[in-house]
Amino acid sequence: MKKLAMIAAAALCVSTAKAAELNNISAGDVSAIKIEIPAPVLKITNPAPKCGHVTGEVAAKLHLLAQTAKSQLFTFAKTEAEFKEFTDIWTPILAKFDIKVIARNFDPKTGFGTLQYVSSDGSVVRDFMAEDMNYDALSSTTIAKLQHELLEPLEQAGMTPVAVLDIKNPVFRPTFKIYYLTKPEENDDKEVQLRQLKNGDDIDFDLLAGAVNIVKKDSSFSMVYIGKLLGSKSKLATDELAATMSIAKYKEFLAENKKEFIASKTFKLDEPFTVGATTYNYAFTVYFFQ
């Protein structure tokens, strides 16, 4: 069976990747891991300053790929032994960032397992999966470059990367998941997170530049950013006045539903679009926070 290699390395660090040696996870962390053969192998190197996140690869054992919510990590495992593998891998990783596991729960009927935790400064762990981004999945160089492009802005925003796991499993095209720290909000949509806006329409990047931290303009219709959850709505209008009136009504709708209007753009269609007896000459897009 393929194994999970967790490497505590300062991968993709801008200023120190070539100049500094890497630090270890402590001996106490390593001794806490007791996994039956065939076991995940924890390979240790020394993290450089700042870029001390854990790196590794998930292949066959997808139950080791943690998901995040509230103050917990969760997974789906077939057996308690699999959940123990998950626990033994993630407990020392969290401890490396002053995060203490306070409860472990596993339901053998559903396979749902959770690790509840508390952090020293109230931070929570969140994750971002790159699978929906546009990149050459067959190029390891491209994937490494993309990881760097996402990790550096997180560091700059004070959102400490915790782990980066490469995913090599037939369920997914080759991709990776980033785990990082942020401050919690009661409503997950309001949290400052690493997110992707990809609703199928071209994005007006200039209208969003002041509202969120744009990390990567992935394509004309895809954007990775740091901020609260963005929403967008595009509609047709018969003329410019109708578009203006519709935008005003949509602003009212957003206010009533406690959503924050950001900006809007009205534009003339290249060609009129007719449905039944109505001809649309304009369209508009409204951007807002969910």
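The rules behind these values
Residues numbered from 1 in each chain as written. Predicted model: local features only at pLDDT ≥ 70, side-chain atom pairs only at ≥ 80, totals over all residues. Heavy atoms only, no water. Patch = residues over 30% accessible without salt bridge, like charges linked within 9 Å, V, L, I, M, F, W, Y side chains within 5 Å. Areas by Shrake-Rupley, 256 points an atom, 1.4 Å probe, with all protein chains shown as cover. Salt bridge = Lys/Arg side-chain N within 4 Å of Asp/Glu carboxyl O. Helix = DSSP H or I, 4+ residues; strand = E, 2+ residues; numbered from the N terminus. Buried < 20%, exposed > 50% of the residue type's maximum accessible area, 1.4 Å probe, protein only. Contact = heavy atoms within 4.5 Å. pLDDT = per-residue confidence, 0-100. Core = buried A, V, L, I, M, F, W, Y, C linked by side-chain atoms within 4.5 Å.

### Quick look at a nonpolar patch on the surface
Point 1. A surface patch of nonpolar side chains, about 260 Å² in accessible area, is lined by L236, F273 and V275.
Point 2. Topologically, L236 is positioned in strand β14 (residues 230-237).

### Points about the environment of I178
Point 1. Of note, I178 is situated in strand β10 (residues 175-182).
Point 2. Here I178 falls in the buried class, since its relative accessible area comes to 0%.
Point 3. Ignoring sequence-local partners within four residues, the contact set of I178 consists of R126, D127, F128, L150, L151, L154, A163 and V164.

### A look at the confidence of the model for the protein
Point 1. Averaged over the protein, the pLDDT score is 84; the fraction of residues at 70 or greater is 82%.
Point 2. Low pLDDT (under 50) marks residues 1-49, which in the prediction has 108 contacts with non-local residues, meaning those over four places away or in another chain.

### Overview of the nonpolar core
Point 1. Counting 27 residues, the largest nonpolar core has L73, F86, W90, V125 and Y179 as its most contacted members.
Point 2. The greatest single-element share of this core, amounting to six residues, is contributed by helix α2 (residues 80-96).
Point 3. Residue contacts for F86: discarding those within four places in its chain leaves H63, L64, A66, L73, F74, T75 and L115.

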